[in-house]
Amino acid sequence: MKRDVMAAAIQMVSGPSVKANLAQAEQLIAQAASAGADLVVLPENFALFDSQGLLSLAQSEATHHQIYYWLSEQAATHNVCLVGGSTPVLSSDPQRVLSRQWVFSAAGELLQHYDKRHLFDANIDDAQSGYRESDFIAPGDDVAVAKDVACIGLSICYDVRFSEHYHRLRRAGAEVLVVPSAFTQVTTRAHWEVLLRARAVETQCFVIGANQGGQHSETRVTGGHSMIVDPWGEVLACCSEQGEEVVVARLSAQRLTEVRERMPVLAHRRDAFI
């Protein structure tokens, strides 16, 4: 990193209305920008929290373009590098979408996109019980970084359980890792913080985890605690468990350099054993 970065993690309680979700997100982006943020991360499914509606949204060209250009406009209006959580786009499989993350510069220009690679198929002890993302989402093929206020390593939610993904991002030059998510309340309480801090420590990167946090339906509850973690694993800022919120923290370029120089783990890796 050439300079310090003011980063913001946005926590939302998105629902089935794209219009209402974008209105909520716009207020939170404005709040982050007024707090001095120049890098803002939205949560997974920020524009639509409705698994059954993802394909319809991707098939609606007008709405799909609306979200894309809305992200571009928000980045330019608020003069921030904006990481657009995840949005469904059409895939080669007519029954499934790609969960895509767009990153826009403060000029409103598209810098990079990333398609979620790891899909959440799991049985969780909550009211929803079973989660089968692979029924409606097709996996992406590769990792990606976006170069702007820092070199930003891209990921989405369930990716955070797969450390190899983040080691590849570090090798690609990542300094900041973004993890837009919709972690369940159960898995947030059990694993969210420890996973974010582990990814930070092992890659020696800042980590921005922007989670959904609240009741989305009778059976779907997410766990909040959106947070920003430094390369030593220290939590710099954290949201509460429930509700819309913004947290902002300074990502120190000097801190990143010091941690990496004192313990050069990238030089010590024995890749043959991965």
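For the structure itself, look to the data block above.
Throughout this document, residue positions are counted from 1 along each chain, in the order its sequence is written. This being a predicted model, a pLDDT of at least 70 is required before a residue's local features are given, and a value of 80 or more before pairs of side-chain atoms are given or counted; all residues contribute to the totals for chains, interfaces and linings. Water and hydrogen atoms were dropped before computing side-chain values, which therefore reflect all heavy atoms in the structure.

### Here's the deal with the environment of D141
Each helix corresponds to a stretch of at least 4 residues labelled H or I by DSSP, and each strand to a stretch of at least 2 residues labelled E; elements are numbered beginning at the N terminus. Mapped onto the secondary structure, D141 falls in the loop between β9 (137–138) and β10 (145–147). C-alpha of D141 to C-alpha of T203: the two residues are 62 residues apart in sequence and 21 Å apart in space.

### Topic: the pattern of salt bridges
The rule for a salt bridge is simple: a side-chain nitrogen of Lys or Arg has to be within 4 Å of a carboxyl oxygen of Asp or Glu. Scanning all chains against the criterion turns up 12 salt bridges. The salt bridge involving R96 is made with D93; its shortest N-O contact spans 2.9 Å. With a relative accessible area of 21%, R96 lands in the partly exposed category. Linking R199 and E202 is a salt bridge whose minimum nitrogen-to-oxygen distance equals 2.4 Å. Of the two residues, R199 and E202 both sit in helix α5 (residues 185–203), three residues apart, roughly one turn of that helix. In this structure R199 comes out as buried when scored by relative accessible area, which is 9%. In this scheme, a residue with accessible area under 20% of its type's maximum is buried, one over 50% is exposed, and one in between is partly exposed, where area comes from a 1.4 Å probe on protein chains only.

### Comments concerning the packing of aromatic side chains
Centre distance within 6.5 Å is the pairing criterion for rings of Phe, Tyr and Trp, where only the six-membered ring of Trp is used; planes under 30 degrees apart are then read as stacked, over 60 as edge-to-face, and the remainder as tilted. Within this structure, the stated rule accounts for eight aromatic pairs. On the numbers, 5.1 Å between centres and 80° between planes, the contact of Y68 with Y69 is edge-to-face.

### Topic: unusual backbone geometry
Its identity as a non-glycine residue notwithstanding, N45 has a phi of 55°, on the positive side. If you trace the backbone, N45 turns up in the loop between β2 (39–41) and α2 (54–59). One non-glycine residue with positive phi stands out, namely S129, at about 75°. Taking the relative accessible area as the measure of exposure, S129 reaches 40% and is therefore partly exposed.

### A word on the packing of helix α4 (residues 163–171) against α5
Axes, fitted as lines to C-alpha atoms, cover a helix only where it is in contact. Angles between the N-to-C directions of the axes lie from 0 to 180 degrees. Running from amino to carboxyl end, α4 crosses α5 at an angle of 40°, the nearest separation of the two axes being 10 Å. Comparing their axes, α5 and α4 come out oblique. α4 and α5 meet at a crossing whose hand is right-handed. Listed contacts from α5 to S163, Y166, H167 and R170 of α4 are R199, E202 and T203. Here the contact of α4 with α5 is built from residues that sort into one nonpolar, three polar and three charged. Here roughly perpendicular refers to angles of 65 to 115 degrees, roughly parallel to angles under 35, roughly antiparallel to angles over 145, and oblique to all remaining angles. Whether a crossing is left-handed or right-handed is set by the direction in which the near helix is turned from the far one by less than a right angle, anticlockwise for left-handed and clockwise for right-handed. Whether two residues are in contact is decided by their heavy atoms: any pair within 4.5 Å suffices. By the convention adopted, Pro, Cys, Tyr, Trp, Phe, Met, Ile, Leu, Val and Ala count as nonpolar, Lys, Arg, Asp and Glu as charged, and the other residues, Gly among them, as polar.

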